[in-house]
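What follows is the residue order along each chain.
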Amino acid sequence: MTDEHPPLIHAERSRRAVRILAIRRLLIEKDVVTTDELDDIIVRARARTPADGAKVVARAWLDRAFRERLLGDARTAVADLGYQLSHDAELAVVENTVDVHHLVVCTLCSCYPTSLLGPPPDWYKSFAYRQRAVVEPRAVLREFGLELADDVRVRVVDSTADVRYLVLPRRPAGSEGLGEDALAQLVTRDSMIGVAEARSRDRV
Amino acid sequence: MPAVHDRGGLPTDEPIDRSDHQWEDWEHVTNALVGMLRRRGLINVDELRRGIEAMVPAEYESSGYYGRWSASIETLLVEKGILTEAEIDAVAAEMDSEWG
Amino acid sequence: MGIGIRAGDAVTVRSIEVDHHHRTPWFVKGKPGKVRLVHGAFFNPESRAHGGDGLPKRRLWQVEFLQKDIWGARYRGRADDVLVVDLFEHWLDRP
């Protein structure tokens, strides 16, 4: 982005927008930051998508030893697949099973495993989700179209501190024989937050 | 009564709006500035959160996600003496007149 | 300086109001839970948010609560549904 053209701004947020762009200009003038580095961060932030998390999940479905390591020491396990997590936060993976369904929220702000999923969706940061997910997870899941059976326990994870949580969804029935890439196609962002299950094969 | 950011379990009947908005330029800039200022060791994530939590509740509630981040960046940069409010006011006014 | 917590132990979250930045949500304060595991030791956000160096690092525990213990009758779901929250050791007491 350059300063030459007026940026895309909606009027209602324009005051905040103008102030942050003024801050950007001042920090560049004072050599605190450089345009190249800022642009580089923007490009790299845009490149991160849930496809990375989906590959991790697909590998875990196929490789039992990898799955065990992922659940025990996620940082090291994902490093083996080429994902170097920043040292700002740890990663923990929680596994959905026949008996337990996990749902992740950050009630205090918006902690999210950005390094594997990209930026969080707007709803994850919304007051409604942050307020409701901890106290009425089953109603929230229903709103997302997921009706849990009565014999499934719900385990809500509020990521309050230095650990980001990724849900390892259940492998869909009928996915036997699929390779890693095909399996990754079944793994949605929402299934790794826990508001959905992985897609079944016939719905890709 | 919990602080304004401490929202878990606060009663609401609001459904969860699952639409995603298109990021505006300034939101990308805010995100990138946070990344760079952290990389430079000028601010840390705990300070950033503290700056957000210090917003007056009405402003916290009405600001969007990156609006809160940008407010906190401003608070911290001024507090640390890296920028002054007067400088930011002046450049913001200049930009307002440039862009109408 | 730990309080000798181990995975599986019962704990109670400190019920104190503080003015500074902290990462303990209001709804677990004063509540009984069970420690599941330790994530390691991390900079103390309560110091780092206010210009401190975050040292000494504090152990961060994954603590599990029964939803019924937190929300009482307001919670509609199974009696064994749980809520997991990561909490720094200095917020935990042995009951």
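Anything mentioned here points back to the structure above.
Residues numbered from 1 in each chain as written. Chains lettered and ligands numbered in written order. Predicted model: local features only at pLDDT ≥ 70, side-chain atom pairs only at ≥ 80, totals over all residues. Heavy atoms only, no water.

So, the interface of chain B and chain A
Quick reminder of the rule: Here, residues are in contact when the closest pair of their heavy atoms is within 4.5 Å. Two parts placed together each lose some accessible area under a 1.4 Å probe, and the buried area is that loss summed for both. Here, a salt bridge means any Lys or Arg side-chain nitrogen found within 4 Å of an Asp or Glu carboxyl oxygen. Any N or O atom pair separated by 3.5 Å or less is treated as a polar contact, with the protein-specific requirement of one donor-capable and one acceptor-capable atom, and with residues adjacent in sequence counted only for side-chain atom pairs. Here a strand is any run of E in DSSP of at least two residues, a helix any run of H or I of at least four, and the numbering for each starts at the N terminus. In this classification, the charged set is Asp, Glu, Lys and Arg, the nonpolar set is Ala, Val, Leu, Ile, Met, Phe, Trp, Tyr, Cys and Pro, and all remaining amino acids, among them Gly, are polar.
On the side of chain A, 57 residues touch chain B, which itself brings 60 residues to the contact. Contact between chain B and chain A buries roughly 5500 Å² in total, counting both sides, with carbon and sulfur atoms accounting for 61%. For the pair chain B and chain A, the interface holds ten salt bridges. Across the salt bridge formed by A:Arg25 and B:Glu98, the nearest N and O atoms sit 3.3 Å from each other. Linking chain B with chain A are 23 residue pairs in polar contact (both at pLDDT 80 or more), by the criterion used here. With 14 residues, the single largest contributor to the side of chain B that touches chain A is helix H1 (residues 25-39) of chain B. Its residues assigned to classes, the side of chain B that touches chain A shows 25 nonpolar, twelve polar and 23 charged.

Some remarks on helix H1 (residues 14-29) of chain A
We apply this condition: Multiplying 1.5 Å by the residue count of a helix minus one yields the expected span of that helix. Three labels apply to residues, based on accessible area from a 1.4 Å probe with only protein chains included: buried if under 20% of the type maximum, exposed if over 50%, partly exposed otherwise in between.
Between the first and last C-alpha of H1(A) there are 22 Å, a value that for 16 residues agrees with the 22 Å anticipated at 1.5 Å per step. Most of H1(A) sits out of view: twelve of its 16 residues are buried. Listed as buried for H1(A) are A:Arg16, A:Ala17, A:Val18, A:Arg19, A:Ile20, A:Leu21, A:Ala22, A:Ile23, A:Arg24, A:Arg25, A:Leu26 and A:Leu27. Where H1(A) is buried, its residues meet helix H2 (35-47) of chain A together with H1, helix H3 (57-62), helix H4 (65-79) and helix H5 (85-99) of chain B.

Overview of the sheet that holds strand E3 (residues 153-158) of chain A
Rules: One requirement defines pairing of two strands: DSSP has to find at least two bridges between them.
Strand order across the open sheet formed by seven strands is E2(A)-E3(A)-E4(C)-E3(C)-E2(C)-E1(C)-E5(C), with mixed pairing between neighbours. With one partner strand each, in any of the chains shown, strand E2 (100-105) of chain A together with strand E5 (92-93) of chain C form the two edges of the open sheet. Here E2(A) runs beside E3(A); their pairing, made up of six bridges, is parallel. Directly across from A:His102, in E3(A), lies its bridge partner A:Arg155.

What to know about the pairing of strand E1 (residues 10-13) of chain C
Residues and elements named next belong to chain C. In E1, alternate side chains face the same way, and those of Val-11 and Val-13 are buried while those of Ala-10 and Thr-12 on the opposite face are not. Pairing of E1 with strand E2 (residues 32-42) involves three bridges; the strand directions are antiparallel. Across the sheet, Ala-10 pairs through a bridge with Lys-34, a residue of E2. Pairing of E1 with E5 involves two bridges; the strand directions are antiparallel. Each bridged residue has a counterpart across the sheet, and for Val-13 the counterpart in E5 is Leu-92.

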